[in-house]
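In case you want the letters, here they are:
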Amino acid sequence: MIFVSAAALAALTQTALAPPDPDWNCADAIRQQEMNWCAAQDFNAAERALKAQWQATAAKMKERDADFATYQPEGDGRPGWFHRLIKAQRAWLAYREAHCQLDGYTARGGTLEPLLVSTCMTALTEDRTGELRALAESPD
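Residues numbered from 1 in each chain as written. Predicted model: local features only at pLDDT ≥ 70, side-chain atom pairs only at ≥ 80, totals over all residues. Heavy atoms only, no water.

### Side note on the overall build of the chain
Tallying secondary structure elements over the chain gives four helices and zero strands in all. Mapped from its N terminus to its C terminus, the chain presents α and β elements in the order α-α-α-α. Expressed as a percentage of the 140 residues in the chain, the buried residues total 33%. Put simply, of all contacts in the chain between residues at least 6 apart along the chain, 70% involve residues at least 24 apart. (Helix = DSSP H or I, 4+ residues; strand = E, 2+ residues; numbered from the N terminus. Buried < 20%, exposed > 50% of the residue type's maximum accessible area, 1.4 Å probe, protein only. Contact = heavy atoms within 4.5 Å.)

### Points about the environment of Asp 140
With respect to the secondary-structure elements, Asp 140 resides in the segment after α4 (113-137). For the pair formed by Asp 140 and Asp 67, sequence separation is 73 residues and the distance between their alpha carbons is 9.5 Å. Apart from the residues within four sequence positions on either side, Asp 140 is in contact with Lys 60, Arg 64 and Asp 67.

### Things to note about the packing of aromatic side chains
According to the stated counting rule, one finds one aromatic pair in the structure shown. When the ring of Trp 24 is compared with that of Trp 37, the centres are 6.2 Å apart and the planes differ by 55 degrees; the resulting orientation is tilted. Of this pair, Trp 24 sits in the loop between α1 (6-13) and α2 (32-71) while Trp 37 sits in helix α2; the two residues are 13 residues apart in sequence, bridging distant segments of the chain. By the burial criterion, Trp 24 is buried, and Trp 37 matches it. The ring of Phe 82 is capped by Lys 62, whose NZ or CZ atom sits 4.6 Å from the centre of that ring. Taking NZ or CZ as reference, Arg 64 lies 4.7 Å from the ring centre of Trp 81, over its face. (Phe/Tyr/Trp six-rings, centres within 6.5 Å; stacked < 30°, edge-to-face > 60°. Lys NZ or Arg CZ within 6 Å of the ring centre and 35° of its normal.)

### Brief notes about the nonpolar core
Core analysis: the biggest nonpolar cluster contains 13 residues, and Trp 54, Leu 85, Cys 100, Met 121, Leu 124 and Leu 132 have the highest contact counts within it. If we ignore the near neighbours within four places in the chain, the residues touching Met 121 are Phe 43, Arg 96, Glu 97 and Cys 100. (Core = buried A, V, L, I, M, F, W, Y, C linked by side-chain atoms within 4.5 Å.)

### A look at the state of the cysteines
By definition, a disulfide links the sulfur atoms of two cysteine residues through a covalent bond. Inspection of every chain in the model, using the stated rule, returns two disulfides. Cys 26 shares a disulfide with Cys 38; S-S distance 2.0 Å. What sets the handedness of the Cys 26 and Cys 38 disulfide is the S-S torsion sign, and at about -90 degrees it is left-handed. Taken as a pair, Cys 26 in the loop between α1 and α2 and Cys 38 in helix α2 lie far apart in primary sequence, twelve residues in all. For Cys 26, a relative accessible area of 42% gives the class partly exposed. Classification of Cys 38 by relative accessible area gives buried; the value is 6%. The side chain of Cys 100 participates in a disulfide bridge whose partner is Cys 120; the two sulfur atoms lie 2.1 Å from each other. Taking the torsion about the sulfur-sulfur bond, which here is approximately -75 degrees, the covalent link between Cys 100 and Cys 120 counts as left-handed. Linking Cys 100 in helix α3 (residues 81-104) with Cys 120 in helix α4, this pair joins segments that are 20 residues apart in sequence. In this structure Cys 100 comes out as buried when scored by relative accessible area, which is 0%. (Disulfide = S-S within 2.5 Å.)

### What about the side chain of Gln 53?
One can find Gln 53 in helix α2. Owing to a relative accessible area of 13%, Gln 53 belongs among the buried residues under this scheme.

By themselves, these observations are geometric and do not establish any function.
See below:
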């Protein structure tokens, strides 16, 4: 068994789009390293989509804060949209990291662990991207 640490997984997710082995094919991955690398690429794509949606949603929340400032009910001293969005996102990031590391423990220390972690991270990231999109598109 090969132990793959969180640091090694992070290194995999930072690799270039060209596979380390030219024979690797994510459409038909066979070897474990190949599957791990491909799963990391899927996560990279999901993370890029999340970042793009984050920017759009953050801009929308700042816009709502500016609009709300003009008609804020007296005595409503609660934090604004953007403040709550930041708080929620930080909590979600911590959750995603901890949950997916735990999910990887199914194969703790094995070569399958990075695949499980990346797959979990991708799924949660795609879900969160949808949540951010829905928040930005919801009526004021």
